[in-house]
Each structure stands twice: as C-alpha cells, then as structure tokens.
2 protein chains.
Amino acid sequence: MAPTTASQGFTLPQPLPLDGGQALDGVTIAYQTYGELAPDRGNAILLCHALTGDQYVASAHPTTGKPGWWERMVGPGKPIDTNRFHVVCANVIGGCMGSTGPASLTLDGRQWAKRFPVITIRDMVRAQIALLDGLGIERLHAVVGGSMGGMQALSLAANFPDRAERVLAIATTARHSAQNIAFHEVGRQAVMADTDWQDGDYYGTGRAPDKGLSVARMAAHITYLSEAGLTEKFGRNLQDRDAKTFGFDADFQIESYLRYQGTGFTQRFDANSYLYITRAMDYFDIAEEHGGMLASAFAGTPARFCLVSFDSDWLYPTAESRHVVHALNAAGAAVSFVELSAPFGHDSFLLDVPALDRVVAGFLG
Amino acid sequence: MAPTTASQGFTLPQPLPLDGGQALDGVTIAYQTYGELAPDRGNAILLCHALTGDQYVASAHPTTGKPGWWERMVGPGKPIDTNRFHVVCANVIGGCMGSTGPASLTLDGRQWAKRFPVITIRDMVRAQIALLDGLGIERLHAVVGGSMGGMQALSLAANFPDRAERVLAIATTARHSAQNIAFHEVGRQAVMADTDWQDGDYYGTGRAPDKGLSVARMAAHITYLSEAGLTEKFGRNLQDRDAKTFGFDADFQIESYLRYQGTGFTQRFDANSYLYITRAMDYFDIAEEHGGMLASAFAGTPARFCLVSFDSDWLYPTAESRHVVHALNAAGAAVSFVELSAPFGHDSFLLDVPALDRVVAGFLG
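Figured I'd write up the structure that's included with this text. All values derive from a computational prediction rather than experimental measurement.

### Some words on the overall build of chain A
Here comes step 1: Of regular secondary structure, chain A possesses 11 helices and 12 strands.
Here comes step 2: Each of the three principal axes of chain A carries a C-alpha extent, and together these read 65 × 50 × 45 Å.
Here comes step 3: Of all intrachain contacts in chain A linking residues separated by at least 6 positions in sequence, the fraction that spans at least 24 positions is 70%.
Here comes step 4: Surface summary for chain A: the accessible area is close to 12800 Å², and the carbon and sulfur share equals 51%.

Structure representation (structure tokens):
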C-alpha cells in the first residue's frame, strides 16, 4: 500500500515513570498512522507490535524495503479497515526503530547501551498511553496486538481500563512461562557471548554482535513455527544439492533457512534492543502486578475482550489464552475466545489464516 | 557402585569404513564393562550412550566425579542386572572420552580438529561391532539405548541383523526431523560463532569455545525437558532474591539452572565433538539408507524389538516410535511398544520412572 514514509516522532512532555523505579527523560516515540482520525476522535485503534516488529504495519520497512508486517490485515477494506479506522502503531520503548532505546543518545552524547534502564511491558504501555495523550486520543475504539503486542493490549486493559473499548489479544499470554524465559535466556546469552558485544558498548566501534544475535534469532525462530509445519515445509530436504556433503555446510533446507533468518535479522535489529525487549517479556506477569490474582487485574473492566489462540502455537499455547479468559470471566468481563486451527505455529497470527481475518473484522465491528 | 576406573581401550585392527567414503585408520574405542562375560559369551548387552553421554554408565565420571549416567538402571540386582549380564558400553567415535574423535591426535602429532571426517550413526555402530568382534562377542543378548543410543540400537538391528537377539530403543527416532535438525544447527552455529573456536583449531591455544558450547547446551537442554516439567520445577520462581533486579543477571531460577547446565557441560565435553555428533544425528535416517522404506531396513530381522516413548517427550515424540513400530510390523518383526507417562520430557529415560525399569527388566528376560 502506501510507500515508505519516515515515522513521525513524538517527544513525551513529561519523564516516563518506569517499573524499575527510575523516570526516563526526553523519551521519543516513533509511530506511524494509517487512516483518518474522525472528528470525534472515536475511531482510533492502537496496534501493538511484537518482539521484533515495528511501527511499519502497512508500509514498507525503511531498512529492508519489505512490506509492512501486517499488510494483509491493515489497510483500506481489510479486516482492520483504514477507510473506517485511524490506526496508530508506535515502536516500543527499548526498540530500535526510532523510539528511545539502548541505541539512542543520552544527554552526554553517547548511546545508552547498557546504561538504559531495564523496562517492562507496562512501561511500554505507559509510553503508548503518553503518545495517545499527545495525540488527543482519550478513548480507543480498540487496542490490538499479537504475541508481545497482545501482552501490551492486556496490560493496557489492566492498567488503563478506561482507555480502550475493545481489547483484542492474539497468540499471547498473561505471563511468561519458565520455557518462554528459558528460550529468551539462550538468546541473551548468545548475544552476550559474542566478543563483539563488548559489554553492550559496540556502537561506533565498527563491530556489532551479529553472530550472537543471529544465533539468538535462529533459536527464537524455531519457537515461532510448529514441528508439523517445519516437517511439511522442509522435512529432510537438501538445499541445492543431491547428496549430503559430509561437512558442516547447510546441507538441509531447514539449516539454510534458519541461517538466512539469523543473518537477515541482524541487518534490521539492534542487539541491545533484543536484550531489553526479551527481558521485558520475561518479567511480564500481569497477575503478579495485581496481588497475584489475574482476575483482580481486570476487576470492573468496562472493555470487551477477544482472545485468539492457534492450535499449533507451542510458544503461547491455547492454555495460556484460556487462563486469561477464565480470569476475565471471574472478573465479570465481556469476553469471547476462539482457538483457530492453523499449521504455522505461533507465527500464524502474521500469516494467511482467513479465519483470523473474520474474527478480527467481526470483533472490531 | 564401582569406583571410577580408567576405561579400557581397544584399537581396531582394520581401518574403519565410513559412510562418507573414507576409511579411518588406527581407531581406538574406549569402553567400560560391568558384570562377567559368561563362558558361552551369550550374556552380553551392548549399551549405547546418548549425544553427551559416555561409557561411564554405572561408575563415576572421571572428570566430574558424578555417578554414572544410568546407575539407576545398571548394576547388581538392577533392571539391567550385572549379576546376570555382561554390559559393554563404548564411547562413540567422534566422542571425547577416549574413543577416536576430533580431539585425538593424528599420525602427524596434531589433533584432527576439523580434519576429522564427518561420521554417521551407522559409522558409530560399525565401530561398536568392531569392538564386539575384538571382544569375541558374536551375538548380543541385547542392544539397548535411549535417544542417540536408541538410534544406534536401531541402526545395529538394521545393518547387522544377526548380532543382537533383542533391541531395546527408548525415546528415540529412526530419522531426525526438521525441528531436530534446526535445534542442532542453532547449537553448531553457537559454537562456530565463538571466536575462540578458531575454525576448530583451538586445541593447545589456551582458548576453547566454551561460551558458544554453553549456549548450545542451554538451547539443547530446553528440548530435553517438558514445558509442564519446567513450570512445575521452576515456574517463575526467583533465584536467591526477593524481587526482580531490573538487570540481566539470572533473576529467575530457570536462568540460573540453564547457565549452570551450560558452563558445567563445557568442563566435560569437547566442542568439536559436539559438532560432529550432532551432525551424525542430523544425518540419521534409516529409511534413506534402505531405499527410502523403513520396513525394508528390518526385512527378515530375527531380533525381538521393544520401543519405549514418553508422553512428555517433544524432542522424539511418541509418533516417532510409532513410526518405527509400524515399519517393524510391516517387516514381520516381533515388536512390543509402550508409551510411558512421565513428566520429565525427553530426559525421562534417564530419570526415576519405575515403569521404565519394569519394561527394561521384563524385555531383557
């Protein structure tokens, strides 16, 4: 759809309070919008992106030139119809696509690097709310997100219950499990094991922990796909060769594919951002923030909720969505829930699943 | 049980032919035995170890001092009863516990390192058979193994059908899946990304790719456990602290546990061996070796088979064992099969699962 445009930037007028106790000064939020804001400002949808996503939902990525990550869902006449809705998507704080993160400059003119404070999903949401305040959007038609985007949607509902009429949380969870944390820890250790990481101070040195970040991405990528999907797509097929080479080249298509995913990722993502954002996800536990009871987080919420899971998603399996639905039921909230069948694992929310299109369009009304 | 003893060594009298086309000269096999060999040599059991296992089945590991990896299964009066059976367990070729592998010296006095030929599971089995020949053991009472040990057991049955009366293959597969290959490729890339790997020539340099190998082990270790088991054992429990530190230390027990697994592993394992053995596993596909039909691999086999899987094993799930069982049925083989319920994931075969003890003892007769 639209050609690439440089993101708009909004600098928060107030320091951003963080769960870690600090307040972050001079935070900039880079964001994109699609569709017109109605005169009554009642048609805004906040879209929250996933771990390695960004604000380029429905416009080309400025680095890779690839289409936006949810072009199939967002646009004129699409399930999130920009002829009707004003879609706002902001790069999360801690990110590397224009919002303040570890690669941003501090007042001393150097990058934050590891001096950047560890943030949480709730901190990301606070930044989103501050942006909405700046844009004069008091009440969202909906907040929508998949994966980490869904975490933000749920966190927004829990912490700012009057700001969104509808909450659509796809392929997500209300807390990171031990296995979720474990995979992220592997990724972080892979980055930190890279001598080019230089304890985080690699900016401007001409060396970045690309190898470590690539390994981290490879490990994570496996968790985004299903075992059955991998078998169907790759099986034991060889890559551009008739026989095994008895060496350590990428003999198998799955090896070649993973290496491509790894190296491609390093060209568009900052390793320190990867550390900070995975940490925020691992810290995520809405119940813990609300006295240990997930239902308490949503007590008295006026919003309508829709939870969507995928049967092949083993990263945030259906049981995690069901756990949220039970809490919402206990809180007396209006909630609908559907588990969709799709072969793509966790990544199903980004891919061609027509049933998801119908659910999204139907819920947004 | 028995105190640590240095392994016995056997040097093959003939070059070892390899699937890659080479023949390996002067191969040494390091092995341990438990229990007496009967005068008629009819009570021998070949035990095959897993990826990071070794010949110290039921005696302390010489490096770590820890008990043997299957002490609960092997010993006097145990399911594999060394009062009755003569148990032989050899370090696989490509390994690092005494058998010829990448850390072994070649005739030029230098370590093989990356000059070591890429081997297969069948090559490992050829070495096992050569050892049995050297020991004068013509026919095994049984060949037994879990995980990669089970691959060897199945490969031995397929390629040397007259050498074992019984084949017990636990928590294993007849071929590595795309997801299996993917996880191993992550591990290899983690090792190779470590600048201390030095293209494999790290021996004697005072630097070894411990960081990369540790990351590889961490990623692999997650696949050995079940999601439910991780949640039950670790959940989101913090490690020796009352609150999150908002940093990158191991706040969570699961992080601390994984780091411990990673660093501990580097003290007992050679990184190049890890590359070679994972490669052998990824190449493993018994059907491919036999015209693409798994049943053909076992046509006319005189052996009795027993396959065991665990319901929480997502590395080699029950479907993989069932696939082997179907092929054995098609081949007219005598086969029994049981899926056991155990919470420990793939590692169940090493842990306290009394039902497994009964199956093993019963099958060995």
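What follows continues from the structure just given.
### Quick word on the nonpolar core
Here comes step 1: A:I254, A:F298, A:F305, B:I254 and B:F298 are the most contacted members of the largest nonpolar core, which has 201 residues in total.
Here comes step 2: Excluding anything up to four places from it in sequence, A:F298 contacts A:L154, A:A157, A:A158, A:I286, A:F305, A:L328 and A:A331.
Here comes step 3: Core analysis: the next-biggest nonpolar cluster, separate from the first, contains 31 residues, A:V74, A:L168, A:L340 and A:L364 among them.

### Structural notes on the pattern of salt bridges
Here comes step 1: A complete count under the given rule lists 46 salt bridges over all chains for this structure.
Here comes step 2: One salt bridge connects A:D108 with A:R115, and the closest N-O pair in it is separated by 2.8 Å.
Here comes step 3: For A:R115, a relative accessible area of 37% corresponds to the partly exposed category.
Here comes step 4: Linking A:E289 and A:R122 is a salt bridge whose minimum nitrogen-to-oxygen distance equals 3.6 Å. One end of the pair, A:E289, is in helix α8 (residues 286-289); the other, A:R122, is in helix α1 (residues 121-135), with 167 residues separating them in the sequence.
Here comes step 5: Assessed through its relative accessible area of 23%, A:E289 is described here as partly exposed.
Here comes step 6: Where salt bridges share partners, they join A:E185, A:R188, A:R279, A:D282, B:R241, B:D251, B:E255 and B:R259 into one cluster.

### Some thoughts on the pairing of strand β9 (residues 142-146) of chain B
Note on strand geometry: in a regular strand, side chains alternate between the two faces of the sheet.
Residue and element names in this part refer to chain B.
Here comes step 1: Extensive coverage of β9 is indicated by the burial of five of its five residues.
Here comes step 2: Neither face of β9 is exposed, since A142, V144 and G146 on one face and V143 and G145 on the opposite face are all buried.
Here comes step 3: Across four bridges, the pairing between strand β5 (residues 44-48) and β9 is parallel. When the bridges of β9 are listed, L46 appears paired with V143.
Here comes step 4: As judged from the four bridges shared by β9 and strand β10 (residues 166-170), these two strands associate in the parallel manner. Note that in β10 the partner of G146 across the bridge is I170.

### Focus: the pairing of strand β10 (residues 166-170) of chain A
All names here are of chain A.
Here comes step 1: Counting buried residues along β10, five of its five residues qualify, which places the element largely inside the surrounding structure.
Here comes step 2: In this region the chain leaves strand β9 (residues 142-146), passes through helix α2 (residues 148-159) and returns to the parallel neighbour β10; the handedness of that crossover is right-handed.
Here comes step 3: Two strands pair when backbone bridges link them, and β10 and strand β11 (residues 304-310) are joined in this way by five bridges, in the parallel orientation. Residue I170 lies in a different strand from β11, and its bridge partner there is V308.

### Concerning the relation of the copies chain A and chain B
Here comes step 1: Placing chain A over chain B gives an RMSD of 0.0 Å and needs a rotation angle of 180 degrees, together with 0.0 Å of translation along the axis. The transformation relating the two chain copies, once decomposed into turn and shift, fits a two-fold axis.
Here comes step 2: In this assembly, 100% of the residues forming the interface of chain A have copies in chain B that are likewise at the interface, indicating an isologous arrangement.

### A closer look at the packing of helix α1 (residues 121-135) of chain B against helix α2 (residues 148-159) of chain B
Think of two packed helices as two axes; the pair is described by the angle between the axes and how far apart they sit.
All names here are of chain B.
Here comes step 1: For the pair α1 and α2, interaxial distance at closest approach is 9 Å and the crossing angle is 70 degrees. The angle between α1 and α2 places the two elements in the roughly perpendicular class. Between α1, through I121, R122, M124, V125, Q128 and I129, and α2, the contact on the second element is made entirely by M148, M151, Q152, S155, L156 and N159.
Here comes step 2: For the contact of α1 with α2, a count of residues per class yields seven nonpolar, four polar and one charged.

### Quick look at the packing of helix α6 (residues 253-266) of chain A against helix α3 (residues 178-193) of chain B
Here comes step 1: Where α6(A) contacts α3(B), the two axes come as close as 9 Å, and the packing angle between them is 50 degrees. On the basis of the axis angle, α6(A) is oblique to α3(B). By crossing handedness, the relation of α6(A) to α3(B) is classed as right-handed. In contact with A:I254, A:E255, A:L258 and A:R259 of α6(A), α3(B) contributes B:A178, B:I181, B:A182, B:E185, B:V186, B:R188 and B:Q189.
Here comes step 2: The residue inventory of the contact of α6(A) with α3(B), partitioned by class, reads six nonpolar, one polar and four charged.

### Some remarks on the packing of aromatic side chains
Here comes step 1: Taken as a whole, this structure holds 28 aromatic pairs over all chains when the rule is applied.
Here comes step 2: Seen from their ring centres, B:F183 and B:W314 are 5.9 Å apart, and the 70 degrees between their planes marks the pair as edge-to-face. Of this pair, B:F183 sits in helix α3 while B:W314 is found in the loop between β11 (304-310) and α10 (318-330), placing the two residues 131 residues apart along the sequence.
Here comes step 3: The exposure class of B:F183 is buried, given its relative accessible area of 7%.
Here comes step 4: Ring plane angle 75 degrees and centroid distance 5.7 Å describe the contact between B:F265 and B:Y274, whose orientation is recorded as edge-to-face.
Here comes step 5: Judged by its relative accessible area of 2%, B:F265 is buried.
Here comes step 6: Overall, B:Y274 belongs to the buried group, its relative accessible area being 1%.
Here comes step 7: One aromatic cluster is present, built from ring pairs that chain together A:W112, A:F116, A:Y276 and B:F248.
Here comes step 8: Here the basic side chain of A:R217 rests over the ring of A:F265, its NZ or CZ set 4.5 Å away from the ring centre.
Here comes step 9: Above the ring of B:Y283, the side-chain terminus of A:K244 is found at 5.0 Å from the ring centroid.

Conventions and cut-offs
- Residues numbered from 1 in each chain as written.
- Chains lettered and ligands numbered in written order.
- Predicted model: local features only at pLDDT ≥ 70, side-chain atom pairs only at ≥ 80, totals over all residues.
- Heavy atoms only, no water.
- Helix = DSSP H or I, 4+ residues; strand = E, 2+ residues; numbered from the N terminus.
- Contact = heavy atoms within 4.5 Å.
- Areas by Shrake-Rupley, 256 points an atom, 1.4 Å probe, with all protein chains shown as cover.
- Core = buried A, V, L, I, M, F, W, Y, C linked by side-chain atoms within 4.5 Å.
- Buried < 20%, exposed > 50% of the residue type's maximum accessible area, 1.4 Å probe, protein only.
- Salt bridge = Lys/Arg side-chain N within 4 Å of Asp/Glu carboxyl O.
- Pairing = 2+ DSSP bridges.
- Right-handed = clockwise from strand over helix to strand, strands pointing away.
- Least-squares fit on C-alpha atoms with pLDDT ≥ 70 in both.
- Axes fitted to C-alpha atoms, helices over the stretch in contact; angles between N-to-C directions.
- Parallel < 35°, antiparallel > 145°, perpendicular 65-115°, else oblique.
- Nonpolar A, V, L, I, M, F, W, Y, C, P; charged D, E, K, R; others polar.
- Left-handed = near helix turned anticlockwise from the far one by under 90°.
- Phe/Tyr/Trp six-rings, centres within 6.5 Å; stacked < 30°, edge-to-face > 60°.
- Lys NZ or Arg CZ within 6 Å of the ring centre and 35° of its normal.

Purely spatial values, then, with no claim about function.
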